[in-house]
Amino acid sequence: MLSTDSEVMGKVTTTLTVTNRIDQGMVTRGLLPAEQVRSVMLEKVLVDTGATTLCLSADVIAKLGLELLKEVDVETAHGIGKARIFRDATISLLGREGTFECLELPGGQSPLLGVIPLEALGLELDLQKQCLRVLPTTPTQTYLTIL
């Protein structure tokens, strides 16, 4: 399966849904109605292999109600700076789902999808075709390894 959201030569973008995992757990336990789960669909998310993790703007993080995990030092194009990391963002993308930390982007920047979620979800960047490729998970071939 291939993602086809790319628009600019050399850049790959995709559409993904981010959901508050804590809300999902509360629904499972019968503590929250399903329609109250906080979730957002993000379009034109840049797939950025220079980014480590999922990166979201402060307004998206607030809408999702994600909990602050910690403040960290991060390296950016402008040098080393501080950033906040939030927990329990569940990503749904190309039929795959996983829960990750996300880094808060300053100043309303566009969201980024970094290498940790890509690898964990079994997605691979194909720059020639400008898309994401879903790696196999069959009984005869799988991207998951235990060595």
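Going by the structure above, here's the rest.
Heads up: these notes are all about the structure in this document. Given the structure is predicted, the values throughout are model-derived calculations rather than measurements.

1. Some thoughts on the overall build of the protein chain
Okay, so step 1: Per the secondary structure count, the protein chain includes 3 helices and 9 strands.
Okay, so step 2: Reading the secondary structure of the protein chain in the N-to-C direction produces β-α-β-β-α-β-β-β-β-α-β-β.
Okay, so step 3: The C-alpha radius of gyration computed for the protein chain amounts to 16 Å, which stays within 12% of the reference 15 Å derived for 147 residues, consistent with globular compactness.
Okay, so step 4: When its C-alpha atoms are laid out on the principal axes, the protein chain stretches across 45 × 40 × 35 Å.
Okay, so step 5: A buried classification covers 39% of the 147 residues belonging to the protein chain.
Okay, so step 6: Put simply, 58% of the contacts in the protein chain that link residues at least 6 apart link residues at least 24 apart.
Okay, so step 7: Looking at the protein chain, you have 13 positive and 18 negative side-chain charges, and the mean spots of the two groups are 2 Å apart.

2. Examining the pairing of strand β2 (residues 39–47)
Okay, so step 1: In this structure, strand β1 (residues 13–20) lies alongside β2, joined through 6 bridges in antiparallel fashion. Counterpart to T13 in the pairing with β2 is L46.
Okay, so step 2: Here 2 bridges tie β2 to strand β7 (residues 112–113), and the two strands are oriented parallel to one another. Bridge pairing in β7 places V47 opposite L113.

3. Considerations on unusual backbone geometry
Okay, so step 1: In this model, K44 sits at a positive phi of 55°, which is unusual for a non-glycine residue.
Okay, so step 2: Among the structural elements, K44 can be located in strand β2.
Okay, so step 3: Note on K44: relative accessible area 51%, which makes it exposed.

4. What about the environment of G114?
Okay, so step 1: Among the structural elements, G114 can be located in the loop between β7 and α3 (115–121).
Okay, so step 2: Judged by relative accessible area, G114 falls into the buried class, the value being 0%.
Okay, so step 3: When the C-alpha positions of G114 and V47 are compared, they lie 6.4 Å apart, and in sequence the two are 67 residues distant.

5. Details of a nonpolar patch on the surface
Okay, so step 1: Taken together, the side chains of I22, M26 and L31 define a hydrophobic patch exposed on the protein surface, amounting to about 250 Å² of accessible area.
Okay, so step 2: Here M26 is to be found in helix α1 (residues 21–28).

6. Observations concerning α1
Okay, so step 1: N-cap assignment for α1: the residue whose side-chain oxygen lies 2.8 Å from the backbone N of I22 is N20.
Okay, so step 2: A positive backbone phi angle near 75° is found at G30, which sits one or two residues after α1.

7. Details of the environment of T19
Okay, so step 1: Summarising the element assignment, T19 is placed in strand β1.
Okay, so step 2: The sequence separation of T19 and T137 amounts to 118 residues, and the corresponding C-alpha distance is 24 Å.
Okay, so step 3: When sequence neighbours within four positions are dropped, the list of residues in contact with T19 reads Q24, V37, R38, S39, L64, D88, A89 and T90.
Okay, so step 4: A polar contact is formed between the side chain of T19 and the side chain of S39, at a distance of 2.9 Å.

8. Here we look at the side chain of N20
Okay, so step 1: By the secondary structure assignment, N20 is in strand β1.
Okay, so step 2: Contacts of N20, omitting those with residues within four sequence positions, involve V37, R38, L64, G65, L66 and D88.

Conventions used here
- Residues numbered from 1 in each chain as written.
- Predicted model: local features only at pLDDT ≥ 70, side-chain atom pairs only at ≥ 80, totals over all residues.
- Heavy atoms only, no water.
- Helix = DSSP H or I, 4+ residues; strand = E, 2+ residues; numbered from the N terminus.
- Rg over C-alpha atoms; globule rule 2.2 N^0.38 Å.
- Buried < 20%, exposed > 50% of the residue type's maximum accessible area, 1.4 Å probe, protein only.
- Contact = heavy atoms within 4.5 Å.
- Lys, Arg positive; Asp, Glu negative; His and termini not counted.
- Charge placed at Lys NZ, Arg CZ, Asp CG, Glu CD.
- Pairing = 2+ DSSP bridges.
- Patch = residues over 30% accessible without salt bridge, like charges linked within 9 Å, V, L, I, M, F, W, Y side chains within 5 Å.
- Areas by Shrake-Rupley, 256 points an atom, 1.4 Å probe, with all protein chains shown as cover.
- Salt bridge = Lys/Arg side-chain N within 4 Å of Asp/Glu carboxyl O.
- Polar contact = N/O pair within 3.5 Å; in protein donor to acceptor, adjacent residues only side chain to side chain.

Function-wise, these values are silent; they only describe arrangement.
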